[in-house]
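What the coordinates show
Next come the chains, spelled out residue by residue.
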Amino acid sequence: MQRKEFLKLTALGLASLPFYSFTKNNEDELHDVVIVGAGLSGLTAARRLTKANKKILVLEAQDRVGGRTWSQPIGENDFMDVGGQWIGKGHDSMYRLVAEAGLKTFPTYTNGKSILRKNSENKIYSGDTPPLGLFALLATQKAMNRLDNASSALSLESPWQAPNAIPLDNISIGSWIDETITNKNARTLIKRMAEGELCQSVENVSALQAFAAANATGSFKQAEKVEDGALRDRILGGAQGVSHFLHRQLKDVVKLNCPVSFVKQLEHYLLIGNESFSVRAKKVIITAPLPVVKRIHFTPALPKEKQILIDSMEMGTVIKCHAVYAKPFWRAQGLNGSGTCLDEVVELTVDNSVPSSEKGIITSLIHVDRAKNLLKLSDQERKQVLLNAYADLFGEQALHPLLYHDYSFTNNPWIGGAYSGFFKKGIFSRYGEHIAKPYGNIHWAGTETSSLFKGFMEGAVLSGERVAMELLAS
Ligand SMILES: Cc1cc2nc3c(=O)[nH]c(=O)nc-3n(C[C@H](O)[C@H](O)[C@H](O)COP(=O)(O)OP(=O)(O)OC[C@H]3O[C@@H](n4cnc5c(N)ncnc54)[C@H](O)[C@@H]3O)c2cc1C
């Protein structure tokens, strides 16, 4: 470290803190790029840049790689995906990575009949279409078409430039649904589906952002579909396996338990670190979700536009709940584990069993206010609520799992929620162009910056590729 810079740091109070070097005597090593975050976006960018012979370091706050993908083994043959799990139509980069990693996919289990639970009664049905009544179904179909038409009218790259972007960004998707869809049942169902995809109240997300997200996914319908949709396949061993594969390839350049709390542009390089260590780099890529970027102090301060984006993004709320049983007992009743509940705490369930195992797993995803209320309960109370709901769908046996597990990334201080983040109304149309824009030597990645499959693992990988190319071209 040069004397002048040391003096500048002393003025900031930083030089008095213990500086940690990763290998002896390399404090002054200058990296081409430091990447903050070892989720799929950070690891993808790191691999691409390493292949281009760049000197890379990845700093990850947590004690594991994978970020919002997190797979936990249960015994020898089973696993739970606590975070992201499905890949499907159009997720080409993820399928490529899975194949490269030598991992296998398996189809989402759909053999058998599904349950629709309404007014405390179960209706069993075959196929994709729940028995909601012809009129409501037609109205829902029409409503989804209207949503998809509005979405596909936007440009993928710059939806904020649409002629009607500002009015669409100033109303919530909830208000748009109220104004556009006359059938009450269809309105309720579409709002529920939208909240399931956005993980936010339909009153908080603007119509513009909801349409842009649907367009980035292919369509609103596609995000909900199993066959030929986003929920088609799972990754044997768990989705985090892709990150483990990338980590193995990157070896020593990934440093765990290294939360970054400052990024400081000095005269000749960036200084990146926290009170215990610092590293030097020519460029930095930030992949942390924007709400947790608030924990990083930038010197000089980021431009106003970026700061507004950081301050106005809110992560979604979802809890993922797994109950593991000795057998998938519902299959013996001809059921496929899929339950849709219209007015209960559990919104939907899926059979998440693993083909390599005899055990059965029922998983549910609970969103927004229902999730927030459940998070206020004790672990034991929440478990009981969930198991009671599973028993309402699948019978008494559901009350006795071998194992129950739930987790919400809302409680993870380095991620802050899921599946992804959305801006407050009125922000996307005004500042959208700054989402992925670099400032000086600071570049941005992460699924939220992707114009395709934003919020998905595919979006994360695409953003990692995009930022790496951006750096290589600069
Ligand atoms: C419950 C759940 C279900 C999901 N289901 C699906 C699905 O089925 N299919 C699908 O495609 N997607 C799904 N997703 C979304 C998908 O997992 C994410 O879009 C994707 O993994 C995001 O990757 P990322 O690299 O952009 O961000 P992240 O995975 O969030 O990575 C960012 C990393 O930055 C680290 N970090 C943050 N701050 C700092 C700091 N200051 N210093 C150092 N490191 C820091 C974090 O610890 C994290 O590891 C789901 C997500 C969740 C949580």
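Conventions adopted
- Residues numbered from 1 in each chain as written.
- Predicted model: local features only at pLDDT ≥ 70, side-chain atom pairs only at ≥ 80, totals over all residues.
- Heavy atoms only, no water.
- Helix = DSSP H or I, 4+ residues; strand = E, 2+ residues; numbered from the N terminus.
- Rg over C-alpha atoms; globule rule 2.2 N^0.38 Å.
- Buried < 20%, exposed > 50% of the residue type's maximum accessible area, 1.4 Å probe, protein only.
- Pairing = 2+ DSSP bridges.
- Axes fitted to C-alpha atoms, helices over the stretch in contact; angles between N-to-C directions.
- Contact = heavy atoms within 4.5 Å.
- Near = heavy atom within 4 Å.
- Polar contact = N/O pair within 3.5 Å; in protein donor to acceptor, adjacent residues only side chain to side chain.
- Areas by Shrake-Rupley, 256 points an atom, 1.4 Å probe, with all protein chains shown as cover.
- Salt bridge = Lys/Arg side-chain N within 4 Å of Asp/Glu carboxyl O.
- Core = buried A, V, L, I, M, F, W, Y, C linked by side-chain atoms within 4.5 Å.
- Domains from an automatic or database assignment.
- Buried area = accessible area lost by both parts, 1.4 Å probe.
- Nonpolar A, V, L, I, M, F, W, Y, C, P; charged D, E, K, R; others polar.
- Phe/Tyr/Trp six-rings, centres within 6.5 Å; stacked < 30°, edge-to-face > 60°.
- Lys NZ or Arg CZ within 6 Å of the ring centre and 35° of its normal.

Some remarks on the overall build of the protein chain
Counting its regular elements, the protein chain contains 17 helices and 21 strands. Taking 23 Å as the expected radius of gyration for a compact globule of 474 residues, we find that the protein chain reaches 23 Å, a close match to that expectation. Dimensions along the principal axes, computed over C-alpha positions, put the protein chain at roughly 75 × 55 × 40 Å. Every one of the 474 residues in the protein chain was classed for burial, and the buried ones make up 56%.

Examining the sheet that holds strand S15 (residues 318-325)
Within a sheet, adjacent strands bond to each other through the backbone by hydrogen bonds, running parallel or antiparallel. The 7 strands lie next to each other as S7-S6-S16-S17-S18-S15-S19, forming an open sheet whose pairing is mixed. Here the strands that pair on one side only, and so sit at the sheet edges, are strand S7 (121-125) and strand S19 (403-407). Taking each pair of neighbouring strands and ignoring which way they run, the sheet shows an average axis angle of 20°. In the sheet, strand S16 (residues 335-341) pairs with strand S17 (residues 348-351) via 2 bridges, with the strands oriented antiparallel. By the bridge assignment, Thr-340 is partnered in S17 with Leu-348. Against the sheet, helix H14 (residues 368-375) makes contact with S15 and strand S18 (360-367), and its axis sits at roughly 105° relative to S18, the strand it touches most. The strands touched by helix H15 (residues 379-394) within the sheet are strand S6 (113-118), S7, S15, S16, S17, S18 and S19, with S15 carrying the most contacts at an inclination of about 65°.

Here we look at the site of the ligand
The environment of the ligand is made up of 37 residues, and the closest members are Ser-41, Glu-60, Arg-68, Thr-447 and Met-457. At 3.2 Å from an oxygen atom of the ligand is found a main-chain nitrogen or oxygen belonging to Gln-85. Interatomic distance of 2.9 Å between a backbone N/O atom of Trp-86 and an oxygen atom of the ligand. Against a free-state accessible area of 1000 Å², the protein chains account for coverage of 98% of the ligand. Breaking the shell around the ligand down by element, the ones donating at least two residues are helix H2 (40-51) and helix H17 (457-473).

Observations concerning the pattern of salt bridges
Per the counting criterion, the structure on display carries 17 salt bridges. Where Arg-47 meets Glu-100, a salt bridge forms, and the shortest distance between an N and an O atom there is 2.6 Å. Placement of Arg-47 in helix H2 and of Glu-100 in helix H3 (residues 92-100) is noted, with a sequence separation of 53 residues between them. Residue classification places Glu-100 among the partly exposed positions, given a relative accessible area of 42%. With a closest N to O distance of 3.9 Å, Glu-358 and Lys-327 form a salt bridge. Residue Glu-358 is found in the loop between S17 and S18, and its partner Lys-327 is found in the loop between S15 and helix H13 (329-332); the two are separated by 31 residues along the sequence. Residue Glu-358 shares its accessibility class with Lys-327, and that shared class is exposed.

Examining the nonpolar core
Among the nonpolar cores identified, the biggest contains 67 residues, and Ile-173, Val-263, Ile-272 and Ile-286 are the most heavily contacted of them. Residue contributions to this core peak at 7 residues, all from helix H8 (residues 207-216). Shared between two domains, this core takes at least three residues from each, and those domains are domain 1 (3-66 + 239-313 + 439-473) and domain 3 (133-224). Core analysis: the next-biggest nonpolar cluster, separate from the first, contains 31 residues, Ile-35, Ala-38, Ala-239 and Met-457 among them.

Here we look at the domain arrangement of the protein chain
Assigned domains within the protein chain: domain 1 (3-66 + 239-313 + 439-473), domain 2 (71-88 + 105-111 + 318-407) and domain 3 (133-224). Taken together, the contact between domain 2 and domain 3 spans 10 residues of the former and 7 residues of the latter. A combined buried area of about 590 Å² lies between domain 2 and domain 3, and 57% of that area is made up of carbon and sulfur atoms. Considering only the surface of domain 2 that becomes buried against domain 3, Leu-342, His-367 and Val-368 emerge as the three largest contributors, covering 68% of it. On the surface where domain 2 and domain 3 come into contact, there are 0 salt bridges. At the boundary of domain 2 with domain 3, the tally comes to 3 residue pairs in polar contact (both at pLDDT 80 or more). In terms of residue class, the side of domain 2 that touches domain 3 is built from 5 nonpolar, 1 polar and 4 charged.

Remarks on the packing of aromatic side chains
Counted according to the given criterion, the structure contains 11 aromatic pairs. The interplanar angle of 85° and the centroid separation of 6.3 Å between the aromatic rings of Phe-453 and Phe-456 together place this pair among those described as edge-to-face. Aromatic ring contacts, followed pair by pair, group Tyr-325, Phe-329, Trp-330 and Phe-394 into a single cluster. Here the basic side chain of Lys-306 rests over the ring of Trp-444, its NZ or CZ set 3.9 Å away from the ring centre. The ring of Tyr-109 is capped by Arg-331, whose NZ or CZ atom sits 3.6 Å from the centre of that ring.

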